[in-house]
Amino acid sequence: MAAAVVTKTAWKLQEIVAHSSNVSSLVLGKSTGRLLATGGDDCRVNVWSVNKPNCVMSLTGHTTPIESLQISAKEELIVAGSQSGSIRVWDLEAAKILRTLLGHKANICSLDFHPYGSFVASGSLDTDIKLWDVRRKGCIFKYKSHTQAVRCLRFSPDGKWLASAADDHTVKLWDLTAGKVMFEFTGHSGPVNVVEFHPSEYLLASGSSDRTIRFWDLEKFHVVSCIEEEATPVRCILFNPDGCCLYGGFQDSLRVYGWEPERCFDVVVVNWGKVADLSVCHNQLIGVSFAQSTVSSFVVDLSRVTKSGSVPHGLLRNNELLAQPTPTGSSLRRSYDRPSTSCSKPQSRVKHSSESERRSPSSEEDRDEKESKAEIQNPEDYKEIFQPRNAISRTPPHINEPFPAPPEDEPITAKEAVKPNQPVEVQTPLPKQELPETFQRPPIASSTPMPRAEPSVIPAARNEPIGLKASDFLPALKNQSQAELTDEEIMSQIRKGHKTVCMVLTSRHKNLDTVRAVWSTSDMKNSVDAAVATNDLSVVVDLLNIVNQTASLWKLDLCTVVLPQIEKLLQSKYESYVQTGCTSLKLILQRFLPLITDILAAPPSVGVDITREERLHKCRLCYKQLKNISNIVKNKSGLSGRHGSAFRELHLLMAVLE
């Protein structure tokens, strides 16, 4: 009798080469979980079916890399924001450009569709939030309160509120009808990357780079609970459709949380890396991640995931909206009032917008829309996904089935492997699904192909060492007739470089021990001085990665020592070094640049003030170093991808130095 097939809890669905250059953003359709949109540095938006390897549609028109994407609730519209600040909306069913929205002055960092009306909210690196009417082709309201880039926007389920998360460590709740901030949630010690409304209760969740997830009560405006001490920051969050739990996507796992009290119900190991979005359909969680030009999709079987204990007092939520609960305890909150008609309140705010934001479409915008195209790459998939919605058919509509789970390979014990008086059954393992060697990428028809240059920065995540070849460890053959080397000769050649590697690692370990000893007996500045004295940038990077996690450790005298090292890190060929340098420079600019400029602009004091003279000397030294660094930042702000975005943000912060 054949053994029962054991299915996996999580598995990779497929892996595709999504763009001819690096992928910069991607988003899943939340209605079916089958629609995927990707944006790349090639300035294109490609639309895919999650379980099929061929591109369905390719959208062109943007002239700079795509920074943010969003798909409407009914999966009929898609909006894309670029590095230049322009926003384009396409109609997927009609396969054409619908609107071009201009008004932001910097990168579009976040987008979201209103759940009922034809409105789109956009957040930018210029710190502004704009509400757009897609039908009227204009900005109907501008919200300005954040002091740094707006990283995430979410409309409430009833469409009356808008939550915004930003790099200024705050989450703000906006009343769309009043056009003002209802409440500002503070408590995160790092930039807030993600925010999500509970599907039925007045509850909000937010995740930050400080590796915490906070839950906020939207009736009493206070924190309900906080998930802390995670190994890595959360990359995306999503409430279960019935509201029983919150899913958190981390670099190597999916975690399931409850909030009253805070606890983790389950941890599912999923090696998806840079997971960017989550969606739930047919009791399966679909997650998508990207690495360079590759996009991978994963599936988690939620029937095998523990979600119990978070539904208070046995209250049932069978994928239906709850009636407003009776306040029998602190865990039961008010539910959203969902209107049956589309939201019309924001239209009354049009009269408050400036004339430039309400202007009629110009000839330049019309030309941009004419140049924007929706190229259908796969007519069969396009007709299957989009056309049946408008067509009248006598046959029943196609219903999406759950993704089948592959069998799980379980170890077989010796007792189970051979049993007496029974024939041994040999099972052939299922072949793994492999990607084709040559993947046909979507053709680039409407734009001139650009030659791909080798990256000037070595990626932090790579599968093999840079510049390491096995032939380097073996002696070159003088002639082809020479006999093959023996194992002893090969091992002797390999051991020649082993001592050198051990010496390098021993030296670095010794340097780290020295820095640690100074840190335990002295202050932070002496520790950094010790790290700089080792003349090893890797030790400086290790120390800065720790200091960057606690902003209170930064002092003005520390900046004078760190800034020259940051200048070296920004010009390094290693991606991890550049990232650490950008993070440290951003913290210095946010905390000390206003102080430095104010002290340098102040009139000279009367008499002798040694403390003030020392502070003035430090400020002058920091100002001179920042001026040198600003030239590097300005030159690198034209780069594409994540590094270019980071340098452009630093360039904005350093504008006062010019």
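Refer to the structure printed above.
Quick summary incoming for the structure in this document. Predicted model, so just to flag it, every value in this text is computed and none were measured.

Some words on the side chain of Asn-46
No. 1: By the element assignment, Asn-46 lies in strand β4 (residues 45-49).
No. 2: Assessed through its relative accessible area of 2%, Asn-46 is described here as buried.
No. 3: Within the local environment of Asn-46, its side chain forms a polar contact with the side chain of His-19, the two groups lying 3.4 Å apart.

So, unusual backbone geometry
If a residue is not glycine, its phi is most likely negative; likewise, a peptide bond is most likely trans.
No. 1: The residue after Glu-260, namely Pro-261, is reached through a cis peptide bond having omega 0 degrees.
No. 2: On the secondary structure map, Pro-261 appears in the loop between β24 (253-259) and β25 (262-269).
No. 3: The phi dihedral of Phe-221 falls on the positive side, at around 55 degrees, and the residue is not glycine.
No. 4: Within the secondary structure, Phe-221 is located in the loop between β20 (213-217) and β21 (222-227).
No. 5: Looking at Phe-221, the relative accessible area reads 23%, which means it is partly exposed.
No. 6: In this structure, Asn-283 takes a positive phi of about 60 degrees despite not being glycine.
No. 7: Here Asn-283 is to be found in the loop between β26 (275-281) and β27 (284-291).
No. 8: The partly exposed category is assigned to Asn-283, whose relative accessible area is 37%.

Considerations on helix α7 (residues 556-570)
No. 1: Taking 1.5 Å as the rise per residue, α7 with 15 residues should run 21 Å; its terminal C-alpha atoms sit 20 Å apart, in good agreement.
No. 2: Within α7, the axis deviates most sharply at Val-562, by approximately 35 degrees, and proline Pro-564 lies no more than four positions further along.
No. 3: Counting buried residues along α7, 11 of its 15 residues qualify, which places the element largely inside the surrounding structure.
No. 4: Within α7 the residues assigned to the buried category are Leu-556, Leu-558, Cys-559, Thr-560, Val-561, Val-562, Leu-563, Gln-565, Ile-566, Leu-569 and Leu-570.

Quick word on the nonpolar core
No. 1: Grouped together as the largest cluster of nonpolar side chains are 43 residues, with contacts concentrated most on Trp-554, Leu-570, Leu-585 and Leu-626.
No. 2: Those elements that place two or more of their residues in this core are α5 (524-533), α6 (537-547), α7, α8 (575-601), α9 (610-636) and α10 (641-653).
No. 3: Residue contributions to this core peak at 11 residues, all from α8.
No. 4: If you look at the next biggest cluster of nonpolar residues, it comprises 19 residues, including Trp-272, Leu-278, Val-300 and Leu-302.

Some details on the sheet that holds strand β12 (residues 128-133)
No. 1: Across the sheet, which stays open at both edges, the four strands sit in the order β10-β11-β12-β13 with antiparallel pairing between neighbours. Where the open sheet ends on each side, the last strands, each with one partner, are β10 (108-113) and β13 (138-144). Direction aside, the axes of adjacent strands within the sheet are offset by 20 degrees on average.
No. 2: Both β12 and β13 contribute to a ladder of six bridges, which runs antiparallel. Bridging from a neighbouring strand, Trp-132 pairs with Cys-139 of β13.

A few points about α6
No. 1: Buried within α6 we find Ser-538, Val-539, Val-540, Val-541, Leu-543, Leu-544 and Val-547.
No. 2: Summarising the contacts, the buried residues of α6 are in contact with α4 (487-521), α5, α7 and α8.

Here we look at the packing of aromatic side chains
No. 1: Across all of its chains, the model carries 12 aromatic pairs by this definition.
No. 2: Residues Phe-185 and Trp-216 carry aromatic rings whose centres are separated by 4.9 Å and whose planes lie at 40 degrees to one another, so their mutual orientation is tilted. Residue Phe-185 is found in strand β17 (residues 180-186), and its partner Trp-216 is found in strand β20; the two are separated by 31 residues along the sequence. By the burial criterion, Phe-185 is buried, and Trp-216 matches it.
No. 3: Ring pairs connect the aromatic residues Phe-183, Phe-185, Trp-216 and Phe-221, which therefore count as one cluster.
No. 4: Over the ring of Phe-119 we find Arg-135; its NZ or CZ atom is 5.9 Å from the centre of that ring.
No. 5: The ring of Phe-250 carries the charged tip of Arg-255 above its face, separated from the ring centre by 5.5 Å.

Here we look at the sheet that holds strand β18 (residues 192-197)
No. 1: Spatially, β18-β19-β20-β21 is the arrangement adopted by the four strands of the open sheet, whose pairing is antiparallel. Only two strands of the sheet have a single partner each, and these edge strands are β18 and β21. Taken pair by pair, the neighbouring strands of this sheet meet at an average axis angle of 20 degrees, ignoring direction.
No. 2: When strand β19 (residues 203-208) meets β20, the two strands line up antiparallel, connected through five bridges. Paired with Leu-203 across the bridge in β20 is Asp-217.

Criteria and thresholds
- In every chain, residue numbers begin from 1 and rise along the written sequence.
- Thresholds applied to this predicted model are a pLDDT of at least 70 for local features of residues and 80 or more for the giving and counting of side-chain atom pairs; totals over whole chains, interfaces and linings are not thresholded and use all residues.
- Think of the side-chain values as coming from all heavy atoms in the structure, minus any hydrogens and water.
- Put simply, DSSP marks the helices as runs of H or I at least four residues long and the strands as runs of E at least two long, and each gets a number from the N terminus on.
- Each residue is assigned to one of three classes by its accessible area relative to the maximum for its type, calculated with a 1.4 Å probe on protein chains only: buried under 20%, partly exposed between the two thresholds, exposed over 50%.
- Any N or O atom pair separated by 3.5 Å or less is treated as a polar contact, with the protein-specific requirement of one donor-capable and one acceptor-capable atom, and with residues adjacent in sequence counted only for side-chain atom pairs.
- In this scheme, a helix's expected span is set at 1.5 Å multiplied by one less than its residue total.
- Axes are fitted to the seven residues ending at a residue and to the seven starting at it; the angle between these axes is taken as the bend at that residue.
- Definition used in this section: a nonpolar core is a set of buried Ala, Val, Leu, Ile, Met, Phe, Trp, Tyr and Cys residues joined via side-chain atoms within 4.5 Å.
- DSSP bridges decide pairing: two strands pair if at least two such bridges lie between them.
- Axes here refer to lines fitted to C-alpha atoms; in helices the fit is confined to the stretch in contact. Angles between the N-to-C directions go from 0 to 180 degrees.
- What makes two residues a contact is simply this: any of their non-hydrogen atoms within 4.5 Å.
- Aromatic contacts are taken between Phe, Tyr and Trp rings whose centres are within 6.5 Å, Trp giving its six-membered ring; a plane angle under 30 degrees counts as stacked, one over 60 as edge-to-face, and the others as tilted.
- Criterion for a charge above a ring: Lys NZ or Arg CZ within 6 Å of the ring centre, and within 35 degrees of the ring normal.

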